[in-house]
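Spelled out, the chains give:
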Amino acid sequence: MTPWIDIVRDPLPGRRGKPRTSGLTMVIDTGLAPGTVRDIVESAGDWIDYWKFGFGTSALYSLDVLRSKMDVLSTSGIVPYPGGTLFEIALYQDKADRLLEKARELGFTCIEISDGTVEMDAPIRHKWIREAKRRGFVVLTETGKKRAGLTMSVEQYATQLAEDLACGADYAILEGRESGRNVGFYRSDGSILEEEIGRLMELLPSPDRVIWEAPQKSQQEFFVRKLGVNVNLGNIPATEVTALEALRRGLRSDTLRLV
Amino acid sequence: MTPWIDIVRDPLPGRRGKPRTSGLTMVIDTGLAPGTVRDIVESAGDWIDYWKFGFGTSALYSLDVLRSKMDVLSTSGIVPYPGGTLFEIALYQDKADRLLEKARELGFTCIEISDGTVEMDAPIRHKWIREAKRRGFVVLTETGKKRAGLTMSVEQYATQLAEDLACGADYAILEGRESGRNVGFYRSDGSILEEEIGRLMELLPSPDRVIWEAPQKSQQEFFVRKLGVNVNLGNIPATEVTALEALRRGLRSDTLRLV
Amino acid sequence: MTPWIDIVRDPLPGRRGKPRTSGLTMVIDTGLAPGTVRDIVESAGDWIDYWKFGFGTSALYSLDVLRSKMDVLSTSGIVPYPGGTLFEIALYQDKADRLLEKARELGFTCIEISDGTVEMDAPIRHKWIREAKRRGFVVLTETGKKRAGLTMSVEQYATQLAEDLACGADYAILEGRESGRNVGFYRSDGSILEEEIGRLMELLPSPDRVIWEAPQKSQQEFFVRKLGVNVNLGNIPATEVTALEALRRGLRSDTLRLV
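This is a predicted model, so every value here is computed, not measured.

Right, let's talk about the overall build of chain A for a bit. Across its full length, chain A holds 10 helices and 8 strands. In terms of its C-alpha atoms, chain A occupies a principal-axis envelope of roughly 55 × 45 × 30 Å. Considering only residue pairs separated by 6 or more positions, chain A has 72% of its internal contacts joining residues 24 or more positions apart. Surface summary for chain A: the accessible area is close to 9,400 Å², and the carbon and sulfur share equals 47%.

And the structure:
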């Protein structure tokens, strides 16, 4: 029960509660302590669906720290997973198979497959998506290089997203990095290549199965405006989850003015 | 007792302790967990006077979370209040009256009246300032739209600030948003329209009753330089309170060089 | 034992563990609560060597708060010290001697000597470096003014760094402020004067005894690329320590692509 119930209605109505299959919020965690995770989840857990241990950070924690973070998240109905960069490193070191095995052993139920840094041919990508599904993982894929500019045509982006889903990926993520700057569809000031991303949206078969990495408020606002309050958003800093939830519901000026 | 007492004196002297009616620091909280609030207040509580639950975030928390945040703050002599956007939404939904009633019931003793997003005529604005005062609230008002640029002339800003105070507002706040960028007297890089704000300062009848939202260090430095160590500053991120207190006292290079 | 041991190897090998005399990470803390410090150190303590209470913040805390922060750090093998600005203020107030005395009394074992804001002739600087060493402190010095641009020639920077070390300083720090913007070798967008800093590197007698303040990821990446995974880096925000450790080891795209 919220404090102002019966008094203030969400200006943008229709926000879905948990469990949900769209309207997802995915957090990027680049090194939070277990105590901090516990605090955040206590007040904002209802608005978080997926929790990414960014890039290779999960390889740095002690087993105790990793487990205590994972426990806090799982208990709150949030799915933790290691960032795609870790998978890329394992693949590059010829250990992709053992990584999946170990991920399972550590209690991960979700895995990300990406090629943001390491090169990966489509057949290899598809093989690992299928393999991870076969082993029972929720599979997230990510499209886009972790460097400046569009590295493919809009059509190629759309094709890769569609193919990933066709191979069994549960959600396909569009790369935005931690910063939302100077990468893919984001310019170096964080502004959006609106025309290009609009064309991409039109080409997508299942917009509900795409997660848009949108670390900055202006980017989050753009997606809420274009795709509604239940758009899937990713790479949200843990400290911004509550502000994003307010933005989704029109409880913040940037979206309240859409009413 | 501070550690270096008798050794290091504040380079900028005269900083007031609590309770104080000027030299206020108002924090903007866009979604901190109760545990985090407790931690912050433990070490920085003496330097915080008002604590704003930014925009509509207070409508998202569970009753437990809201109450535990409010308890921590009140115990430390800090006044919590819901952001003006919440009042604007209630007014727009024809529930302003019930919002004040419920605020009281929840234990709020302070309320903000603003028109950053929703349009409000002067008579309506004045009516609600008076009504909130009549019901015993500390009343903060906010002047300025939550969008780019000056939306009124400097004279109109001064008039609204003065009228709010004349209607009984305890403090009148000048809008700066969470970012301090691309809003009111702040350019998109956070720099200040110094000439315009200088003119505004000259037109103000009671500078001690104005709170300047100044989220960025360069903005805080500007106001300390122009109006002294006991200037009222708002929208300070909770994590920046200690750094601001150092800035006020000349314990940081940016103001130490004024000595 | 880390979770993925035997599976994922560090793409950039050779990172040193504690205790180490190079590969240092120095954190800047501009006002964290004791509870937050405890949380951070619990998961990231192994990657932090020095912990600076930024500028004059240590003069603001109560004795209890200061001691509880220092205890948490010391227990984790991290060396806390007051920022150089505090020493500059004491010197300006003719209390440098008593500051060292009090620092010792409070339990500090490390001190920073700088002239970022207050003017200090070389003989005075050298005297205090020697004096602090004589009293048993680990001595860090800092070179560079806390204002825009290069305030000396590259040769003068190199000379001061070398002289500090010759006078007994344990490490000489190159100024980068909290922001890494618009100061010394950093432009206002955080980019690096690469040619100048390259010349400085060539002129340094003991690169292992220089700590480069590099608050921004792009700056950290630059130094890892130029000077290796065990470069000494300073002014790292406490929340970025884990991300930096990943960067050092090639567990993040920005350095993984160097492999």
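Turning our attention to the state of the cysteines. Residue and element names in this part refer to chain B. By the definition in use, this model includes 0 disulfides over all chains. Cys167 forms no disulfide, and the closest cysteine sulfur to it belongs to Cys110, at a distance of 17 Å. Residue classification places Cys167 among the buried positions, given a relative accessible area of 10%.

Direction of pairing for strand β2 (residues 50–53) of chain C relative to strand β3 (residues 79–82) of chain C: parallel, over a ladder of 4 bridges. The residue of β3(C) that forms the bridge with Phe53(C) is Pro82(C).

Here we come to the interface of chain A and chain C. Taken together, the contacts link 38 residues of chain A with 29 residues of chain C. Inspection of the region where chain A meets chain C yields 2 salt bridges. A salt bridge links Arg252(C) to Glu178(A), with the nearest nitrogen and oxygen atoms 2.6 Å apart. Counting the contacts that link chain A with chain C gives 7 residue pairs in polar contact (both at pLDDT 80 or more). Where the side of chain A that touches chain C is concerned, the elements lending two or more residues are α1 (34–44), α2 (63–75), α3 (84–92) and α4 (96–106) of chain A. Tallied by class, the residues present in the side of chain A that touches chain C amount to 20 nonpolar, 11 polar and 7 charged.

Now for the interface of chain A and chain B. Across the contact, 29 residues belong to chain A and 38 residues belong to chain B. Together chain A and chain B conceal approximately 2,900 Å² of surface at their shared face, both sides included; 64% is due to carbon and sulfur atoms. A per-residue breakdown of the area chain A buries against chain B is headed by Pro3(A), Trp4(A) and Ile7(A), which together make up 27% of the total. Looking at the side of chain A that touches chain B, the elements that each hand over two or more residues are α1, α9 (241–248) and α10 (253–256) of chain A. Here the side of chain A that touches chain B is composed, by residue class, of 13 nonpolar, 5 polar and 11 charged.

Another aspect to go through is the sheet that holds strand β7 (residues 210–213) of chain C. All names here are of chain C. Strand order in the open sheet formed by 8 strands is β3-β2-β1-β8-β7-β6-β5-β4, and the pairing between neighbours is parallel. Edge strands, defined here as strands with exactly one partner in the open sheet, are β3 and β4 (110–114). Across the sheet, the mean angle separating the axes of adjacent strands is 30° when strand polarity is ignored. Examined bridge by bridge, strand β1 (residues 25–29) and β2 share 4 bridges and lie parallel to one another. Bridging across to β2, Val27 finds its partner in Trp51. In this fold helix α2 (residues 63–75) packs onto β1, β2 and β3, with an angle of close to 165° to the strand it touches most, β2. Its contacts with the sheet place helix α3 (residues 84–92) against β3 and β4, and it is angled at close to 65° to β4.

Residues and elements named next belong to chain C. Counted according to the given criterion, the structure contains 72 salt bridges over all chains. Here Arg125 ties to Asp115 by a salt bridge, and the two come within 3.5 Å at their closest N and O atoms. You can see Arg125 sitting in helix α5 (residues 122–134) and its partner Asp115 sitting in the loop between β4 and α5, a full 10 residues away along the chain. For the pair shown, Arg125 and Asp115 are each scored as buried. Across the salt bridge formed by Glu175 and Lys146, the nearest N and O atoms sit 3.1 Å from each other. Here Glu175 is found in the loop between β6 (171–174) and α7 (194–203), whereas its partner Lys146 is found in the loop between β5 (138–143) and α6 (154–166), with 29 residues between them in sequence. There is no split in this pair, since Glu175 and Lys146 are both buried.

Here α3(C) lies mainly inside the structure; 8 of its 9 residues are buried. Those residues of α3(C) hidden inside the fold are in contact with α10 (253–256) of chain B together with β3, α4 (96–106), β4 and α5 of chain C.

As a further point, take the sheet that holds strand β6 (residues 171–174) of chain A. Residues and elements named next belong to chain A. Taken together, 8 strands build an open sheet; the order of strands is β3-β2-β1-β8-β7-β6-β5-β4 and the sheet is parallel. In this open sheet, the two edge strands, each paired with only one partner strand, are β3 (79–82) and β4 (110–114). With direction set aside, neighbouring strand axes in the sheet form an average angle of 30°. On the sheet, α3 packs against β3 and β4 and is oriented at approximately 65° with respect to β4.

Another point: the pairing of strand β4 (residues 110–114) of chain B. Residue and element names in this part refer to chain B. Where burial is concerned, most of β4 is hidden: 5 out of the 5 residues are buried. Burial of β4 is two-sided: the residues Cys110, Glu112 and Ser114 facing one way and the residues Ile111 and Ile113 facing the other way are all buried. As defined by bridge partners, β4 adjoins strand β5 (residues 138–143) across 5 bridges and the pair is classed as parallel. Residue pairing in the sheet places Ile111 in a bridge with Val139 of β5. Each parallel crossover has a hand, and the one from β4 via helix α5 (residues 122–134) to β5 is right-handed.

What follows is about the packing of aromatic side chains. With the rule as written, the count across this model stands at 27 aromatic pairs over all chains. Relative to Phe108(C), the ring of Trp4(B) has its centre 5.9 Å away and its plane inclined at 10°; by these criteria the two rings are stacked. Taken together, the residues Trp4(B) in the segment before β1 (25–29) and Phe108(C) in the loop between α4 and β4 connect one chain to another. Assessed through its relative accessible area of 1%, Trp4(B) is described here as buried. Ring geometry for Phe87(B) and Trp128(B): centres 6.0 Å apart, planes at 70°, overall edge-to-face. Separated by 41 residues along the polypeptide, Phe87(B) in helix α3 (residues 84–92) and Trp128(B) in helix α5 bring together distant segments of the chain. When sorted by exposure, Phe87(B) lands in the same class as Trp128(B), which is buried. Three or more aromatic residues joined by ring pairs make a cluster, and in this case those are Trp4(A), Phe53(B), Tyr61(B) and Phe108(B).

Turning our eyes to something else, we now look at helix α8 (residues 217–227) of chain B. Residue and element names in this part refer to chain B. Every buried residue of α8 is listed here: Gln219, Gln220, Glu221, Phe222, Phe223 and Val224. Buried residues along α8 sit against α7 (194–203), β7 (210–213), β8 (233–237), α9 (241–248) and α10. One or two residues past the end of α8 sits Gly228, with phi positive at roughly 95°.

You can see Ser43(A) is positioned in helix α1. Residue Ser43(A) is classed as buried on the basis of its relative accessible area, which comes to 8%. Once residues lying within four places of it in the same chain are set aside, the contact partners of Ser43(A) are Leu32(B), Ala33(B), Pro34(B) and Val65(B).

Basis of the calculations
- Residues numbered from 1 in each chain as written.
- Chains lettered and ligands numbered in written order.
- Predicted model: local features only at pLDDT ≥ 70, side-chain atom pairs only at ≥ 80, totals over all residues.
- Heavy atoms only, no water.
- Helix = DSSP H or I, 4+ residues; strand = E, 2+ residues; numbered from the N terminus.
- Contact = heavy atoms within 4.5 Å.
- Areas by Shrake-Rupley, 256 points an atom, 1.4 Å probe, with all protein chains shown as cover.
- Disulfide = S-S within 2.5 Å.
- Buried < 20%, exposed > 50% of the residue type's maximum accessible area, 1.4 Å probe, protein only.
- Pairing = 2+ DSSP bridges.
- Salt bridge = Lys/Arg side-chain N within 4 Å of Asp/Glu carboxyl O.
- Polar contact = N/O pair within 3.5 Å; in protein donor to acceptor, adjacent residues only side chain to side chain.
- Nonpolar A, V, L, I, M, F, W, Y, C, P; charged D, E, K, R; others polar.
- Buried area = accessible area lost by both parts, 1.4 Å probe.
- Axes fitted to C-alpha atoms, helices over the stretch in contact; angles between N-to-C directions.
- Right-handed = clockwise from strand over helix to strand, strands pointing away.
- Phe/Tyr/Trp six-rings, centres within 6.5 Å; stacked < 30°, edge-to-face > 60°.

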